[in-house]
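Next come the chains, spelled out residue by residue.
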Amino acid sequence: MDGEERRRAILAVARRNGSMEVAAVAAELMVSPETVRRDLRVLEENGLVRRTHGGAYPVESAGFETTLAARTTRYVPQKARIAAAAVELLGEAETVFIDEGFTPQLIAEALPQDRPLTVVTASLATAGSLAGREHTQVLLLGGRVRGNTLATVDHWVTGMLTGLVIDLAYVGANGISREYGLTTPDPAVGHVKAQAMKSARRRIFSGIHTKFGAVSFCRFAEVPDFEAIITDTSLSAVEAQRFAQLGPQVIRV
């Protein structure tokens, strides 16, 4: 197995499992850990993985995106804390946009049930979880359904959003960086997110620490566009301060 084949195999393991450990992959491929670490450096330089202590996890790109089902199994306690903190910033909002993805779904489920709210979403999972609430009106944006995330996209969705003025948008992303802003692998998803940003008076980003520094294919927003960024404490205080210097309040929970 040459170097290129080995790197493809390492990347395949990371994408299949959501992460990989150097020692385990070295044993599987019958190479030294240092060889795997060298390969990971190459993969990271090409924007395909992010290295961690003892391993790496894949970066979502135009050629790879995790499924909604996979997202429901990873970093669940951290995502639940992020969702609770996001809802604390609801304020007096009466109309709320909830993005696709698992963390936004947790935000939706944590919204108060004792006051009238209108929730606008492209996520079938979020719409289904809120549909039975007495005081919540759900507006599901219609369009083509993406199988990976069970969310709607394309011009039907953006057209509906264009005609709305929304008090608060809870927005997610596949990557957020100070240099490239907020990115997502799919152009159709990027268009929906960009229009939601335009239609909202206030915007809050929520995402776990692995999103930070990651860069995907389509940029749809810049860091200063948000009033707040909410993540978990695995994002270092130093890095959080760097993002805060661009304008948003950065909350680590």
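Details of the structure are given in the entry above.
All residue numbers refer to positions counted from 1 along the written sequence of the respective chain. Given that this is a predicted model, residues contribute local features only at a pLDDT of at least 70 and side-chain atom pairs are listed and counted only at 80 or more, while totals for whole chains, interfaces and linings are drawn from all residues. Excluding hydrogens and water, the side-chain values take into account all heavy atoms of the structure.

Caption draft 1: Fine view of a nonpolar patch on the surface. A cluster of nonpolar side chains, Leu124, Leu140, Val145 and Leu150, forms an exposed patch at the surface whose accessible area comes to about 300 Å². Only DSSP runs of H or I with at least four residues qualify as helices, and only runs of E with at least two residues qualify as strands; both kinds are numbered from the N terminus onward. Relative to the elements of secondary structure, Leu140 occurs in strand 6 (residues 136-140). When accessible area is computed with a 1.4 Å probe and restricted to protein chains, residues below 20% of their type maximum are described as buried, those above 50% as exposed, and intermediate ones as partly exposed. By relative accessible area, Leu140 is classed as partly exposed at 38%. Each patch is built from residues lacking any salt bridge and having more than 30% relative accessible area; the joining distance is 9 Å for like charges and 5 Å for nonpolar side chains (Val, Leu, Ile, Met, Phe, Trp, Tyr). Note on areas: these come from Shrake-Rupley sampling with a 1.4 Å probe, and a residue is covered only by the protein chains present in the view. Every case where a carboxyl oxygen of Asp or Glu lies within 4 Å of a side-chain nitrogen of Lys or Arg is listed as a salt bridge.

Caption draft 2: Examining the packing of helix 5 (residues 76-87) against helix 6 (residues 102-110) more closely. As a rule, the C-alpha atoms of each element are fitted with a line to give its axis, helices using only the stretch in contact, and angles between N-to-C directions run from 0 to 180 degrees. Interaxial distance between helix 5 and helix 6 falls to 8 Å at its minimum, and their mutual angle equals 50 degrees. Taken together, the axes of helix 5 and helix 6 are oblique relative to one another. By crossing handedness, the relation of helix 5 to helix 6 is classed as right-handed. Of helix 6, the residues touching helix 5 (which contributes Val76, Lys79, Ala80, Ile82, Ala83, Ala86 and Val87) are Phe102, Thr103, Leu106, Ile107 and Ala110. Partitioned by chemical class, the residues of the contact of helix 5 with helix 6 number 10 nonpolar, 1 polar and 1 charged. Any angle from 65 to 115 degrees is called roughly perpendicular, while one under 35 is roughly parallel, one over 145 is roughly antiparallel, and all others are oblique. Two helices cross in a left-handed way if the nearer one is turned anticlockwise from the farther one by less than a right angle. They cross in a right-handed way if the turn is clockwise. Contact criterion: two residues are considered in contact whenever any of their non-hydrogen atoms come within 4.5 Å of each other. Residues are grouped as follows: nonpolar covers Ala, Val, Leu, Ile, Met, Phe, Trp, Tyr, Cys and Pro; charged covers Asp, Glu, Lys and Arg; every other residue, Gly included, is treated as polar.

Caption draft 3: Molecular detail of the pairing of strand 2 (residues 49-52). Strands are treated as partners if at least two bridges between them are detected by DSSP. Here 4 bridges tie strand 2 to strand 3 (residues 55-58), and the two strands are oriented antiparallel to one another. Across the sheet, Arg50 pairs through a bridge with Tyr57, a residue of strand 3. Adjacent in sequence and paired antiparallel, strand 2 and strand 3 are bridged by 2 residues, among which Gly54 carries a positive phi angle near 85 degrees.

Caption draft 4: View of empty space enclosed by the protein. A cavity, in this analysis, means grid points on a 1 Å lattice covering only the protein atoms where a 1.4 Å probe fits yet has no way out; a pocket is instead an open set bounded by protein on both sides within 12 Å along at least five of seven lines, and a residue lines either one if it has an atom within 4 Å of a point. Grid points are joined across faces, edges and corners, and a volume is the space filled by probe spheres set on the points. Enumeration over the complete set of coordinates arrives at 1 cavity of 30 Å³ or more. In this model, the largest cavity occupies a volume close to 50 Å³. Contributing elements (two or more residues each) for the lining of the largest cavity: strand 4 (95-98), strand 8 (151-153) and helix 9 (187-199). When residues of the lining of the largest cavity are assigned to their parent elements, the largest contribution, 3 residues, is made by helix 9. When the residues that make up the lining of the largest cavity are grouped by side-chain class, the tally is 6 nonpolar, 1 polar and 3 charged.

Caption draft 5: Structural context of the packing of aromatic side chains. Aromatic pairing here means that ring centres of Phe, Tyr or Trp (its six-membered ring) are within 6.5 Å. Orientation follows from the plane angle: under 30 degrees is stacked, over 60 is edge-to-face, and everything else is tilted. Applying the stated rule across the entire model yields 3 aromatic pairs. Aromatic pair Phe212 and Phe243: ring centres 5.1 Å apart, planes at 85 degrees, arrangement edge-to-face. You can see Phe212 sitting in the loop between strand 12 (200-206) and strand 13 (218-221) and its partner Phe243 sitting in helix 10 (residues 237-244), a full 31 residues away along the chain. There is no split in this pair, since Phe212 and Phe243 are both buried. Every member of this aromatic cluster is reached through a ring pair, and the members are Phe205, Phe212, Phe226 and Phe243.

Caption draft 6: Inspection of the layout of surface pockets at higher detail. Its boundaries defined by the atoms lining it, the largest pocket holds a volume of some 520 Å³. Taken together, the elements giving at least two residues each to the lining of the largest pocket come down to strand 3, helix 6 and strand 12. When residues in the lining of the largest pocket are grouped by element, the largest group, 3 residues, is from helix 6. Its residues placed into classes, the lining of the largest pocket shows 10 nonpolar, 11 polar and 7 charged. In this structure, the second largest pocket occupies an estimated 150 Å³ of space. In terms of lining residues, the second largest pocket is bounded by 13 residues, among which Ser19, Met20, Glu21, Gly55 and Ala56 are the most central. Looking at the lining of the second largest pocket, the elements that each hand over two or more residues are helix 1 (3-17), strand 1 (20-21), helix 2 (22-29) and strand 3. Tallying contributions element by element places helix 2 first for the lining of the second largest pocket, with 3 residues.

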